[in-house]
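The lines below spell out each chain.
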Amino acid sequence: MEVPCVRVTREAGEATRTTLADADLIDDDYEIAVEDGWLYIPVTDPDAVQAVLEDGEIVTRTVDERDTQTTPADLLSFEPSYERLGRAALIDEDDSERAREIADAILESDLPVETVLNKASKVKGETRVRDWELLAGENTEVVHREYGCEFVLDLAEVYFSPRLATERNRVAEQVTEGEHAFDMFAGVGPFIIPFANRGAECVGVDINADAIDYLRENARRNGVEDRVTAINDDVRDVATDYENWADRIMMNLPHSADAFLESAVTLAGDDCVLHYYDIQHEDDPFGPGERAIRAAAEPEYDVTVETRHTVRSYAPHELNVCLDVRLEH
């Protein structure tokens, strides 16, 4: 079967394979191929490879399927649903016996997983965390890698969604060196760490003290601590300190971001891009957000909606969307 592969010389093969493995980008469903002095390493996300390997050449070629890989489904009578986050598997099962069965199968499979966590509550409270049942492993702290960046976080103490990796990269690719980027709800830094990695000067604010501690640690891990300022506070109390400072503002707080638009306008510089996330009914997913932004920013700013982007389906008939909006004096 034809799949995307990184093509490297045999001499560089082991170093490249290690880098890709550390970033969790190797497609374990296929074998690594060797031909005419070249190695072909199957990968899961060609776009992410470019962020990890400076000289990685992506080609499409036929490689053999790996027939020794045992999956959880091979050990069960059904296909289990789970998410991977670093070396943790996240499941969502109300039935404790079924959860235990899935956890055992995940651990017995060939997946590189050490921890299995079952969701024990909805996201709740001001800090948007949830309860977890630890089915395997030592604790709820994980190390996650995406698009060349590494994040350590405790799922029981902070909010983090691995499903937004592609969206985070979409925004990060717009960032240019030297710009001022402000994340109003920064969490452990999944937006601003990549921004800083691209040369932006960043400020991240979060009301969750644990998230800010992890943000500082992640800035250090990724070598960008000199370009990241982390603040534990309500962003509405911080905005005046950075009045007219931001070239780019992140507002990833669906359901309630509109309550913070006055602060966003305070933060915005003379030419600023606002990334506003919302969850709305599919009949009018972008209208409420756009009207709220215009009400807050006009006439002080000219408001131009540059992108109306659907991030994902959130619930039946509800969409998680993003408006990329330019504010200009």
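For the structure given in this document, a descriptive report is provided here. Because the structure is a prediction, the values reported are computed rather than measured. (Residues numbered from 1 in each chain as written. Predicted model: local features only at pLDDT ≥ 70, side-chain atom pairs only at ≥ 80, totals over all residues. Heavy atoms only, no water.)

## Considering the overall build of the protein chain
Operational definition: Here a strand is any run of E in DSSP of at least two residues, a helix any run of H or I of at least four, and the numbering for each starts at the N terminus. Any two residues whose heavy atoms approach within 4.5 Å at even a single point are treated as in contact. Accessible areas in this description were obtained via Shrake-Rupley with a 1.4 Å probe; residue shielding takes into account the shown protein chains only. Charged-residue counts in this description rest on Lys and Arg as positive and Asp and Glu as negative, His and the chain ends being excluded. All charge positions are set by atom: Lys at NZ, Arg at CZ, Asp at CG, Glu at CD.
What the protein chain contains, in helices and strands, is ten helices and 17 strands. Counting only C-alpha atoms and orienting by the principal axes, one finds that the protein chain spans roughly 65 × 50 × 40 Å. For the protein chain, long-range pairs separated by at least 24 residues make up 63% of all intrachain contacts whose partners lie at least 6 apart in sequence. As displayed, the protein chain has an accessible area near 15,800 Å², and 40% of this comes from carbon and sulfur atoms. Side chains of the protein chain carry 30 positive and 75 negative charges; the gap between the two charge centres is 1 Å.

## Regarding the state of the cysteines
Put simply, the rule is: Disulfide: a pair of cysteine sulfur atoms within 2.5 Å of each other. To sort residues, take the accessible area from a 1.4 Å probe on protein chains only and compare it with the maximum for the residue type: under 20% means buried, over 50% means exposed, and anything in between is partly exposed.
Across all of its chains, the model carries zero disulfides by this definition. A disulfide-free cysteine, Cys149 has its sulfur positioned 11 Å from the sulfur of Cys202, the nearest such atom. Accessibility expressed as a relative area gives 3% for Cys149, which makes it buried.

## Some remarks on the packing of aromatic side chains
Which entries qualify depends on this criterion: What counts as a ring pair is set by centres within 6.5 Å for rings of Phe, Tyr and Trp (its six-membered ring), and what kind of pair is set by the plane angle: stacked under 30 degrees, edge-to-face over 60, tilted for all other angles. A ring is considered to have a charge above it if a Lys NZ or an Arg CZ atom is located within 6 Å of its centre and within 35 degrees of its normal.
For the structure shown, the criterion picks out seven aromatic pairs. A centroid spacing of 6.4 Å and a plane angle of 75° characterise the contact between Phe182 and Trp245, whose relative ring orientation is edge-to-face. Of this pair, Phe182 sits in strand S11 (residues 180–183) while Trp245 sits in the loop between helix H8 (235–238) and strand S14 (246–251); the two residues are 63 residues apart in sequence, bridging distant segments of the chain. On the basis of relative accessibility, which here comes to 0%, the residue Phe182 falls in the buried class. For Trp245, a relative accessible area of 17% puts it in the buried group. For the ring pair Tyr242 and Trp245, a centre distance of 5.5 Å and an interplane angle of 75° mean the geometry is edge-to-face. Judged by relative accessible area, Tyr242 falls into the buried class, the value being 18%. An aromatic cluster of at least three residues, connected via ring pairs, comprises Phe182, Tyr242 and Trp245. Between the NZ or CZ atom of Arg7 and the centre of the ring of Trp38, over which it lies, the distance is 3.8 Å.

## Regarding the sheet that holds strand S15 (residues 268–281)
What counts is decided by this rule: Following DSSP output, two strands are said to pair if at least two bridges run between them. For helices, the fitted line uses only the C-alpha atoms of the stretch in contact; every axis is such a line through C-alpha atoms, and the angle between N-to-C directions lies from 0 to 180 degrees.
Here seven strands make up an open sheet; going across it, the order is S13-S12-S11-S14-S15-S17-S16 and the pairing mixed. If you trace the sheet from one side to the other, it starts and ends with strand S13 (228–232) and strand S16 (302–315), each paired once. The average undirected angle you get between the axes of adjacent strands in this sheet is 15°.

## Regarding a negative patch on the surface
So the rule is basically this: Think of a patch as exposed residues, more than 30% relative accessible area, with no salt bridge, where like charges cluster within 9 Å and nonpolar side chains (Val, Leu, Ile, Met, Phe, Trp, Tyr) cluster within 5 Å. A pairing counts as a salt bridge when a side-chain nitrogen of Lys or Arg comes within 4 Å of a carboxyl oxygen of Asp or Glu.
A contiguous patch of negative charge on the surface is contributed by Asp28, Asp29, Asp64, Glu65, Asp74, Glu79 and Asp110. Tracing the backbone through its elements, the reader meets Asp74 in helix H3 (residues 72–75). Judged by its relative accessible area of 52%, Asp74 falls in the exposed class.

## Thoughts on the pairing of S16
As paired strands, S16 and strand S17 (residues 318–328) are joined by eleven bridges and run antiparallel to one another. Looking at the pairing, Val303 lines up with Leu327 of S17. What sits between S16 and S17 in their antiparallel hairpin is a turn of two residues, with His317 showing a positive phi close to 70°.

## What about the pattern of salt bridges?
If you walk through the whole model with that rule in mind, you get 25 salt bridges. Glu217 is the salt-bridge partner of Arg221, the closest N and O atoms lying 3.0 Å from each other. With Arg221 and Glu217 both in helix H7 (residues 209–221), this residue pair falls four residues apart, about one helical turn. On the basis of relative accessibility, which here comes to 35%, the residue Arg221 falls in the partly exposed class. The exposure class of Glu217 is partly exposed, given its relative accessible area of 24%. For the salt bridge of Asp271 with Arg326, the shortest nitrogen-to-oxygen distance reads 2.6 Å.

## As for unusual backbone geometry
The omega torsion of the bond from Glu298 to Pro299 falls at 0°, within 30 degrees of zero and hence cis. With respect to the element layout, Pro299 can be found in the loop between helix H10 (287–297) and S16. Backbone geometry places Tyr147, a non-glycine residue, at a positive phi of 50°. Of note, Tyr147 is situated in the loop between strand S9 (141–146) and strand S10 (149–154).

## Considering the nonpolar core
Side chains that are nonpolar tend, in soluble globular proteins, to be buried together. As a reminder, the rule being used: Residues belong to one nonpolar core when they are buried, are Ala, Val, Leu, Ile, Met, Phe, Trp, Tyr or Cys, and are joined through side-chain atoms within 4.5 Å.
Formed by 37 residues in total, the largest nonpolar core has its most connected members in Leu153, Ile193, Phe195, Cys202, Leu215 and Val228. Every element with two or more residues in this core is listed here: strand S6 (88–91), S10, helix H5 (165–172), helix H6 (192–197), H7 and S13. It is H7 that contributes the most residues to this core, five residues altogether. Look past the residues within four positions of Phe195 in its chain and what remains in contact with it is Val171, Ala172, Val175, Ala181, Ala200, Cys202, Arg248 and Met250. In this structure, Val203, Ala246, Leu253 and Val305 belong to the second largest nonpolar core, which totals 36 residues.

By themselves, these are just geometric observations and shouldn't be taken as functional.
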